[in-house]
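Tertiary structure, described
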Amino acid sequence: MTKETTVARALLVLVFAPAGGLFGKAVAMAAAGQEWWPWLVAALVWLVVSGLVSMAVSNRLDEHR
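Note that the structure is predicted; figures quoted are calculated from it, not measured.

1. Re the overall build of the protein chain
Counting its secondary structure elements, the protein chain contains two helices and zero strands. A compact globule built from 65 residues would reach a C-alpha radius of gyration of about 11 Å, whereas the protein chain, at 15 Å, exceeds it by more than 25%. For the protein chain, the spread of C-alpha atoms along the three principal axes comes to 50 × 20 × 5 Å. Sorting the 65 residues of the protein chain into buried and exposed places 14% on the buried side. At a minimum sequence separation of 6, the contacts of the protein chain that also span at least 24 residues come to 53%.

Following this line, the structure appears as structure tokens:
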């Protein structure tokens, strides 16, 4: 496994695992009849921010080739 593949897999876990938890919390809050939208916003913000970071890391690795 190359270094780029290892980094890509780690970033995939770091991006989608927390977002899945936040989406799950939003669903649980909605099922409980409580405000769910802050958790949904948090999940979307996490996806955008972590996606931007992973793109920056990926571009940085490409520049070093």
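2. Quick notes on a nonpolar patch on the surface
A cluster of nonpolar side chains, namely Trp-36, Trp-37, Val-41, Val-45, Val-49, Val-53 and Val-57, defines an oily patch on the protein surface of about 610 Å² accessible area. Locating Trp-36 in the fold gives a position in the loop between helix 1 (3–31) and helix 2 (37–63). On the accessibility criterion, Trp-36 (39% relative accessible area) is partly exposed.

3. Some points on helix 1
Helix length check: helix 1 (29 residues) gives 42 Å between terminal C-alpha atoms against 42 Å at 1.5 Å per residue, within 8%. Buried residues of helix 1: Val-15, Ala-19, Leu-22, Ala-26 and Met-29, and no others. Once helix 1 finishes, Gly-33 follows within two positions and takes phi at roughly 80 degrees, a positive value.

4. Let's talk about the packing of aromatic side chains
Inspection of the entire model under this criterion finds zero aromatic pairs. Over the face of the ring belonging to Trp-39 we find Lys-25, whose NZ or CZ atom lies 5.4 Å from the ring centre.

5. Here's the deal with the side chain of Ser-50
Position of Ser-50 among the secondary structure elements: in helix 2. The buried category is assigned to Ser-50, whose relative accessible area is 9%. At 2.5 Å, the side chain of Ser-50 forms a polar contact with the backbone oxygen of Trp-46.

6. Some details on the environment of Gly-24
Along the polypeptide, Gly-24 turns up in helix 1. Sequence spacing of Gly-24 and Ala-8 is 16 residues, and the spatial spacing of their C-alpha atoms is 24 Å.

Rules used in this analysis
- Residues numbered from 1 in each chain as written.
- Predicted model: local features only at pLDDT ≥ 70, side-chain atom pairs only at ≥ 80, totals over all residues.
- Heavy atoms only, no water.
- Helix = DSSP H or I, 4+ residues; strand = E, 2+ residues; numbered from the N terminus.
- Rg over C-alpha atoms; globule rule 2.2 N^0.38 Å.
- Buried < 20%, exposed > 50% of the residue type's maximum accessible area, 1.4 Å probe, protein only.
- Contact = heavy atoms within 4.5 Å.
- Patch = residues over 30% accessible without salt bridge, like charges linked within 9 Å, V, L, I, M, F, W, Y side chains within 5 Å.
- Areas by Shrake-Rupley, 256 points an atom, 1.4 Å probe, with all protein chains shown as cover.
- Salt bridge = Lys/Arg side-chain N within 4 Å of Asp/Glu carboxyl O.
- Expected span 1.5 Å × (residues − 1).
- Phe/Tyr/Trp six-rings, centres within 6.5 Å; stacked < 30°, edge-to-face > 60°.
- Lys NZ or Arg CZ within 6 Å of the ring centre and 35° of its normal.
- Polar contact = N/O pair within 3.5 Å; in protein donor to acceptor, adjacent residues only side chain to side chain.

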